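# Breakdown of the fold
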Amino acid sequence: MQLIENLLSVNEAASALNCLRPETDEIQYGQYYAIGDNQSLIRLPRLMAFQASTNSCGDQPWYRCKIALVPQNNIVYTSWTPTVQKLKRVIEEMSGETWNLAHIIYYKDGQESMGLHSDCMLDLASGSKIAVVSLGVNRQMDLVKKQESTLDGPSQLQINLPGNSLFLLDEETNRHYVHGIKKEKSQIGERISIVFRHVLTYKTQNGKLYGNGLTYSTKQDIIQGETRRKMYKFAFTFFLALCLNWMFPFFSTNMFKLISGGIYWLSISLVIELVQQIIDADYVVPRGWAGFGLGVDPFRSDDLWSTLIVVYHGTTALAAQSILTHRQFLLPGDHLLDGTELAIRAGHIPGKVHIYTSPSIRYASLHVYSQVNSFKSPKIKKLYKVQIVLQCKQMPGTFKTQKETVGWGDKRICNTIPNEVIEHFTNRRSSVIPYRLLIRLENT
Ligand SMILES: O=C(O)CCC(=O)C(=O)O
Ligand SMILES: [Fe+2]
């Protein structure tokens with residue numbers, strides 16, 4: 001912490017104060033709010049304005065402070081105005097540091113204040129200092145050591161911030177102490193503080209954040225991420241439209257019922273349009289899979305959603321189609337619609353007539369169960385791996401559990417479900433009810 005008095009000449013300080021007063025044109029102050037306990041809006045006892053430099057991409061720095069989270073506070077950073085820019089230059093030349101964002105705060109009298117708080121450090125350049133330039137009357141800043149702090153040093157401090165001074169608040173002090181500007185009992189005049197920060201977070205025109213510690217660290221990353229998402233969406237759409245349009249009658253959504261009632265033929269472009277609507281809904285659960293709700297028999301009397309557990313069944317598009325067409329799982333030995341007999345799949349022990357499921361999506365999506373097929377997106381000519389899993393409800397007490405049967409031994413397959421109980425098997429067809437088709441499309 002450091003206080004530098006007589007930052008400017010007396011005349012310059014007086015003129016700076018005058019230029020930054022609300023009556024002058026330079027700064028358009030606004031009234032901002034906090035959210036109270038009962039969700040009410042609380043008027044903050046001060047006026048504020050925001051300025052910042054843009055980066056080389058033309059984006060503005062962004063500081064994630066509490067007031068920015070209140071929807072009613074429309075915080076807009078404008079470019080530097082002459083007086084603030086001059087103050088910035090003076091303190092940068094004096095300290096050798098740089099700042100790219102400022103909050104300008106107007107306290108009209110001693111009744112206006114700022115409560116005890118720590119400045120949020122998420123967006124600040126590591127090791128950078130928060131610079132507070134004070135103009136106008138002297139105000140007292142209280143610093144109170146946080147309860148959890150293990151730092152040696154005074155538990156409380158009072159610092160006078162006279163007009164025409166610079167106060168530098170370092171990371172360490174901000175981490176261990178809260179600070180605030182307390183109310184004054186005596187009648188005093190106005191004070192303006194200009195709080196400069198060096199932030200490394202930026203906001204794009206469409207409101208996306210990038211920078212230190214964020215999903216996207218540069219603007220380029222955002223563009224790449226969006227391109228990837230677009231390509232994925234295209235591929236997905238074409239996969240559904242070209243390879244899986246048999247399944248549209250099985251969807252539970254009204255729009256599908258609407259268009260598939262009796263008409264099982266859909267034009268590719270209509271399918272694409274519908275699929276895009278689903279994908280835009282971002283219904284991707286579990287992680288990495290896109291889920292499509294399937295129609296469930298409305299006449300079942302058991303309380304499907306509350307008493308049955310969730311399991312997964314890794315399968316092929318063909319088998320999924322067969323399960324959905326027959327409206328239930330089939331057991332080896334059953335006859336399909338075309339009269340052929342369902343055989344025990346190669347690799348499974350003959351004589352074991354069972355339906356296999358797993359509480360683990362990891363296990364169900366192993367390639368022996370959920371066959372990997374490749375799919376070439378016709379539009380972008382890119383090859384993808386496609387897998388299908390049916391998300392199902394299974395009736396407790398109707399199945400047995402056993403350890404994995406894929407030869408992994410003790411090597412853990414799923415983080416949540418132990419290998420010993422990862423496989424369910426049953427011979428009751430109607431105890432497993434598929435309610436969501438999961439599809440995963442991955443780059444090859
Ligand atoms: O007005 C002041 O001097 C304190 C401002 C402050 O602590 C803040 O804006 O976070
Ligand atoms: Fe602060």
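Here, the structure is the one placed above.
Not measured: the values here are computed from a predicted model.

Taking strand neighbours across the sheet as the criterion, the three strands line up as E4-E13-E14 in an open arrangement whose pairing is antiparallel. Bordering the open sheet on either side are strand E4 (60-61) and strand E14 (209-211), each of which pairs with just one other strand. As paired elements, strand E13 (residues 201-203) and E14 share three bridges and run antiparallel to each other. Paired with Thr-201 across the strands is Gly-211, a residue of E14.

A separate point is the coordination of the iron ion (ligand 2). Taken together, His-117 (NE2), Asp-119 (OD) and His-179 (NE2) make up the protein donors of the iron ion (ligand 2), found 2.1 to 2.2 Å from the metal. Motif for the iron ion (ligand 2), donor spacing along one chain: H-x1-D-x59-H. Placement of the pair is His-117 in strand E6 (residues 114-117) and His-179 in strand E11 (residues 177-181), with a sequence separation of 62 residues. The exposure class assigned to His-117 is partly exposed, which follows from its relative accessible area of 22%. Exposure remark for His-179: the relative accessible area of 5% places this residue in the buried category.

The next subject is helix H1 (residues 10-20). An α-helical turn contains 3.6 residues, so any two residues separated by three or four positions project in the same direction. Taken together, the buried positions of H1 are Ala-13, Ala-16, Leu-17 and Leu-20. The arc that holds the buried residues of H1, viewed along the axis, is 100 degrees, so those residues lie on one side. Packed against the buried residues of H1 are helix H2 (82-95), strand E7 (130-136) and strand E12 (191-197).

What counts as what
Residues numbered from 1 in each chain as written. Chains lettered and ligands numbered in written order. Predicted model: local features only at pLDDT ≥ 70, side-chain atom pairs only at ≥ 80, totals over all residues. Heavy atoms only, no water. Pairing = 2+ DSSP bridges. Helix = DSSP H or I, 4+ residues; strand = E, 2+ residues; numbered from the N terminus. Donors = N, O, S within 2.8 Å, 3.2 Å for Na, K, Ca; no water. Buried < 20%, exposed > 50% of the residue type's maximum accessible area, 1.4 Å probe, protein only. Arc of directions from axis to C-beta. Contact = heavy atoms within 4.5 Å.

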